Amino acid sequence: MASTIPRTEAAPAAPTARAARRSARSVSSRSVSHSPVHRGDWRLAWLLIAPAAVGFAIFAVYPLLRGFYLSFTTFHVLSPAQWTGLANYRELIHDGTFWSSVEVTLYFVGMSVGIGIFFALLTAVVMHRLTRSTVIRGLVLLPFLISGVVAALVWSWMLQSQLGIINIWLQDLTGHNFLFLGSTGWAIPTVALINVWKSMGYNAVLLFAGLQMIPTDVYEAARLDGAGEVRIFRRITIPLLRPVLAMVVILTIISSFQVFDIVQVATPDGGTANSSNVLPLYIYQKAFAQFDFGYASTMSVALFVMLLAITFLQMRLTRAGESDLN
Amino acid sequence: MAIALTPAPRTPRTARRRPPVGRILAWTYLVGVLFITVFPFYWVLRTALSNNFSLDIHPSSILPTGFTWGGFERVLGISSQAEALAQGGSGASVDLAVYLRNSLIYASVLTVCVVLCSAMAAYAFARLHWRGRNLVFSIFLCALMIPGILTLLPNFVFIKDLGLINSFAGLILPGALFSAFDIFFLRQFMMSLSTEIEEAAILDGAGRLTVLFRIVLPMTAVPITTLTLLTFINTWNDYFWPLLVANNQQVEPLTLGLALFKQASPETAPDWSGLMAATLVAALPMLVLFMIFGRRIVNSIGFSGLR
């Protein structure tokens, strides 16, 4: 009963502005021009979109503009913001902590995306070949349902140096126990792995849905021509999955850049010697421990610019908007 | 390849032709992934039902060691301080019942509001004809590209200026009115519905609002349920925004309570059994939801599930 979800719900186009604009255009050209039925529509329409429009203006546009404005000011919340021009940006360039934080963030994002996408893709392909079972996909999806706080707590217990089960197993295997979250070198890889554990299933289910859209006759034809598994994967699966894969990669990048809860709970105060001081954590500390909102806003803007640049680059490199299917 | 000469059936049965080694490897991998996914959940349960003193002695016991409900009693504020200490509690107390209530209010009010507002807007974009419709829609969609972290600080300042720090209103308001994703998702679905029933109703003299609430919304029940679930899960799990605007037990949601409990427990001998019991209590509502709606959640995460 619940599984008979209309096709449209399972797969409307990805919510890119371009796709939406395209469909918006097609609707207006299809629809009948202003018939009497639609005469009073505009009044009702504005009434209906009013709450959303207010929310959009007050909690999306206004803070966006204000964020940019605050990045040019000195602002400590209690007294009004004072315009200081590019002073914050100049400070940013010479702020060693900021740059090491950028490094840590890039390291974290790189590991999350690299390992996460690899396993998500592998899992999706394996599921696609072996089973359609919703139960298995559901189990794989399980960690997506819990919060980063819970994931961080569970893993800090399992990785704990004396009593943690992983360390006990490792001790049996290697004779050593590992500090993981407490060490400077392992903190970021460990946190990244926790992040992968939490998001891998979700990405795998997304990629699985993408795999289901590839027509089976393409595979049959390839097999008739005697292509092996690896060749089929490289020459058919990857190219045909590209738009979905690119979207999943971009989403993983965006969410990894903004990681906060896992890092903050697993390694409080940015870990030993700031080893896991990712940018959102540093921004949070600047704003709420040192009350330097102006500078924190400057860093948020810098983070935004980095995100924008990487997303743009990624879109260009992978030609995310195009599909080889048609 | 002799088999290839026979006409291939529509359902691919190619698996049989492959050497079974690959299949065995693939199944081994899948079982491994499922183990890594599910084991931590079991381990939380096992630890939560164990006694802290026995945990020290039998850290690798697969079954709960020194079975007790004490962990749950401690975090739900049922057991007394003395009892808690006797069971290896750290003395750091937590009353999850209050946090649970706060999370319920926060997540359900926000979810209901944002889904309703989005459904109304989606209808205006999908069915009504008005000047500037596509322009407004495109502008709304741009919000998808604004990362949360950028609006977080200014939103905090705004909520603070309104004097709504430490109130449910401050917690809920920024997310309650607008969601570009929800509007997009619902509009897409509404446009795929046939207009016949609506037109018939209008010819019969029904007003537009009647059509919306009596016909379109019921017909959109399935995607609305999906969105409601996803929004609820996301809000329930949110940590960053509540951390900024709530620092009072009367409004703090579970995620915050959990993090505070962790911080309050001593570094040297944390109350792991209590911590894991609390973790389980925090995750349980999501797990229950998943047991009820699992199939729907799994199937709805197609390309639309991107968020």
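Now for the overall build of chain B. The helix and strand inventory of chain B stands at 15 helices and zero strands. Relative to its full complement of 307 residues, chain B shows a buried share of 46%. Across chain B, every contact between residues at least 6 apart in sequence was considered, and the portion connecting residues at least 24 apart equals 71%.

Turning our eyes to something else, we now look at the environment of Trp69 of chain B. Residue and element names in this part refer to chain B. Along the chain, Trp69 turns up in the loop between helix H2 (52-57) and helix H3 (70-75). Classification of Trp69 by C-beta neighbours within 10 Å gives partly exposed; the count is 13. Note: C-alpha distance between Trp69 and Ala48 (21 residues apart in sequence) is 7.9 Å.

A separate point is helix H1 (residues 20-48) of chain B. All names here are of chain B. Between its first and last C-alpha atoms H1 spans 41 Å; for 29 residues at 1.5 Å apiece the expected length is 42 Å, and the two agree. Largest kink in H1: about 30°, centred on Val38, with the proline Pro40 one to four residues after it. Looking at H1, one finds that the buried residues are Val33, Pro40, Val44, Arg46, Thr47 and Ala48.

A word on the environment of Thr74 of chain A. Residue and element names in this part refer to chain A. Among the structural elements, Thr74 can be located in strand E1 (residues 73-74). Of the residues examined, Thr74 has 16 C-beta atoms within 10 Å and is grouped as partly exposed. When the C-alpha positions of Thr74 and Gly40 are compared, they lie 49 Å apart, and in sequence the two are 34 residues distant.

Over its 14 residues, helix H7 (residues 148-161) of chain B runs 20 Å from end to end, which matches the ideal 20 Å to within 8%, given 1.5 Å per residue. Most of H7 of chain B sits out of view: ten of its 14 residues are buried. The complete set of buried residues in H7 of chain B reads Ile149, Leu150, Thr151, Leu152, Leu153, Pro154, Asn155, Phe156, Val157 and Ile159 of chain B. Tucked inside the fold, the buried residues of H7 of chain B contact helix H3 (41-70), helix H13 (279-288) and helix H14 (293-318) of chain A together with helix H8 (168-176) and helix H13 (240-245) of chain B.

Detailed reading of the predicted coordinates is not advisable wherever pLDDT is low. All names here are of chain A. With 86% of its residues at a pLDDT of 70 or more, chain A shows a mean pLDDT of 82. The weakest mean pLDDT in chain A belongs to helix H1 (residues 7-10) at 35; the strongest belongs to helix H5 (residues 96-130) at 93. Note on residues 1-17: pLDDT under 50 across the span, and 40 contacts to partners over four residues away in sequence or across chains.

Each side of the interface is counted separately: chain A has 98 residues, and chain B has 97 residues. Considering every element that reaches the side of chain A that touches chain B, the biggest residue donor is H3 of chain A, with 18 residues. When its residues are assigned to classes, the side of chain A that touches chain B shows 69 nonpolar, 18 polar and eleven charged.

Here we take up the nonpolar core. Ranked by size, the top nonpolar core spans 166 residues in total, and within it Val205 and Leu207 of chain A together with Ala121 and Tyr123 of chain B carry the most contacts. With 16 residues, helix H5 (residues 96-126) of chain B is the single largest residue contributor to this core. Each of domain 1 (19-86) and domain 2 (96-300) of chain B gives at least three residues to this core. Apart from the residues lying within four places of it in its own chain, the contact partners of Val205 of chain A are Arg137, Val140 and Leu141 of chain A together with Val298 and Ile301 of chain B.

Here we take up the environment of Phe140 of chain B. In this fold, Phe140 of chain B is placed in helix H6 (residues 133-142). For Phe140 of chain B, a count of 24 C-beta atoms within 10 Å gives the class buried. Along the chain, Phe140 of chain B and Asn102 of chain B lie 38 residues apart, while their C-alpha atoms are 30 Å from each other. Residues contacting Phe140 of chain B, with those up to four places away along its chain left out, are Phe56 of chain A together with Ala180 and Ile183 of chain B.

Positive phi is not limited to glycine here, since Phe291 of chain A has a value of about 55°. Its location among the elements puts Phe291 of chain A in the loop between H13 and H14. Of the residues examined, Phe291 of chain A has 13 C-beta atoms within 10 Å and is grouped as partly exposed. At Asn166 of chain B, a position not held by glycine, the phi torsion is positive, near 60°. The topology assignment puts Asn166 of chain B in the loop between H7 and H8.

Thresholds applied
- Residues numbered from 1 in each chain as written.
- Chains lettered and ligands numbered in written order.
- Predicted model: local features only at pLDDT ≥ 70, side-chain atom pairs only at ≥ 80, totals over all residues.
- Helix = DSSP H or I, 4+ residues; strand = E, 2+ residues; numbered from the N terminus.
- Buried ≥ 20, exposed ≤ 12 C-beta atoms within 10 Å, placed from the backbone.
- Contact = placed C-beta atoms within 7 Å.
- Expected span 1.5 Å × (residues − 1).
- Bend = angle between axes of the 7 residues up to and from the residue.
- pLDDT = per-residue confidence, 0-100.
- Nonpolar A, V, L, I, M, F, W, Y, C, P; charged D, E, K, R; others polar.
- Core = buried A, V, L, I, M, F, W, Y, C linked by C-beta atoms within 7 Å.
- Domains from an automatic or database assignment.

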